[in-house]
Structure formats: structure tokens, C-alpha cells
Amino acid sequence: ARRVVVLISGNGSNLQALIDAQSFDELGGEIVAVISNKADAHGLQRARDAGIDAVVLPHDEYESRDAFDGALIKVIERHEPDLVVLAGFMRILTPRFVHRFHGRLLNIHPSLLPAYRGLDTHKRVLADGGEEHGASVHFVTEELDGGPVVMQAALKIRPGDSEESVVERIHAREHLIYPIAVRWFLEGRLQLGPDGPTLDGMALPPQGMR
Ligand code: GAR
């Protein structure tokens, strides 16, 4: 089976969606390890409950970003993954790390990229009076939240929406699209070519599948 390593920092609801997909034989591979930079991440428990190797690598025990990323690369490579999945992993990765896993590193970001890169996306969309919001799965490149988009799910902002109500709807969509993108990759249908991502050999549109 194709091997997946998932990196998390927190609740791990996206990890759970991937675990659930795997349990229905719908992931296209096996999650062989979950790594968290935070010891108290709830996602670690989700991994253990599913019988998956759960590893803590506390970033604050390393003297530099590069030292942490070096250690992270080592732990990941021990598990020989075909794909590395960032699922609420809240650390910026060094170019060295990103290059090492180029073409096999996916992230999910809570906005309709290229809009609202970075943190606090829901707050910023609401503050701007935005009408549309969503989530994007993308390949990770050196540019923060700037890698090519594979898939997006959009939602309309409703009158009276709060950060909480928006987060809930975003999460529901993330949990739908991330397992699909991971499966496409593991089945060899999704690739990062020299001119961008392809699905079944055809170039994806700039906003990915919607
Ligand atoms: C998700 O909404 C994900 O899009 C976001 O963190 C949340 C993690 O939730 N990721 C980022 O903001 C990346 N910069 P989860 O831990 O429940 O999967």
C-alpha cells in the first residue's frame, strides 16, 4: 500500500476525515505515522485510537527552524512515505524541507486561495464583508500558501455569520475534499508536473477542481 505521513498541530479533525476514509478503504493508501509539533494536540489521540504511530516532535526543543525541520525530515523519512499531508500543521516550513518533499507534499488552507493566505482567514473574510469563502487543497512550494491549487470548496457567507459558524461550515467542506485529493494522489491520478498539477494527465485550472 502507498504510505502517508500526516503532520498536525491541533485538533486533527482533518486527520480524522483521512482516518475515516482509510477505514472505508477509500484513501488509496495507509497512514503510517502522525507527527505533531505539539505534545497536547488532540489529533495524537485520534491517531493512537486508530492504531497509527503517533510521534511528538516539539519545535521549541530545537534552536532554529532549520534544526527542527532537519529533525522532522529524519522522522518522516524513517516512515518512507509516498505522500506527506499537512493537516492543520501550524509551522512554516523551510525551503530545504519543501524541496525534499516537492511534488509529494499537500496542505489544506482555510480560504479560497490565492485570497487570504496566512492566518486568521475567517476573521479577515468577515471583517472585509466578503461574500464567498472556502477551503483549498494545494501542493506546497516555497511560497507560503502559494503553491498550486488542486481542489477548492466554496461557501457563501450568510447574514449573521460568526467566526464559529463559518469555521463549522469550512471544516465540513475540508473533510469532504481532503480525502478525495489524497486518494487521487495515492492512486497516481494527481501529479505535480513541471507546468502545474495534473489530474488524469490533464492540467488543472488555476483554482483546481471545485
Ligand atoms: C483547518 O481548518 C485547516 O484548514 C487549517 O487549520 C485547521 C485545522 O483543523 N490550516 C491552516 O490554517 C494552515 N495554515 P484540524 O486540526 O481540526 O484539522
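Fair warning: this is a prediction, and the values are worked out from it, not measured in the lab.

Trainee: Describe in detail the pattern of salt bridges, supporting the description with residues and values.
Mentor: Scanning the entire structure with this criterion turns up eight salt bridges. The shortest N-O distance in the salt bridge between Asp161 and Arg169 comes to 2.8 Å.

Trainee: Describe the UniProt feature "binding site: (6R)-10-formyltetrahydrofolate" (unreviewed entry) in the protein, naming the residues involved and giving the relevant values.
Mentor: Residues annotated by UniProt as "binding site: (6R)-10-formyltetrahydrofolate" (unreviewed entry) correspond here to Arg65, Met90, Arg91, Ile92, Leu93 and Asn107. Its place among the elements puts Arg65 in helix α3 (residues 65-78). The exposure class of Arg65 is partly exposed, given its relative accessible area of 39%. Setting aside residues up to four positions removed in sequence, Arg65 forms contacts with Arg91, Ile92 and Thr94. Assignment of secondary structure puts Met90 in the loop between β4 (83-86) and α4 (95-100). Residue Met90 is classed as exposed on the basis of its relative accessible area, which comes to 56%. If sequence neighbours within four positions are ignored, Met90 has contacts with Ser9 and Leu119.

Scoring rules and cut-offs
- Residues numbered from 1 in each chain as written.
- Predicted model: local features only at pLDDT ≥ 70, side-chain atom pairs only at ≥ 80, totals over all residues.
- Heavy atoms only, no water.
- Salt bridge = Lys/Arg side-chain N within 4 Å of Asp/Glu carboxyl O.
- UniProt positions renumbered as here; feature names shortened; annotations may be inferred.
- Helix = DSSP H or I, 4+ residues; strand = E, 2+ residues; numbered from the N terminus.
- Buried < 20%, exposed > 50% of the residue type's maximum accessible area, 1.4 Å probe, protein only.
- Contact = heavy atoms within 4.5 Å.

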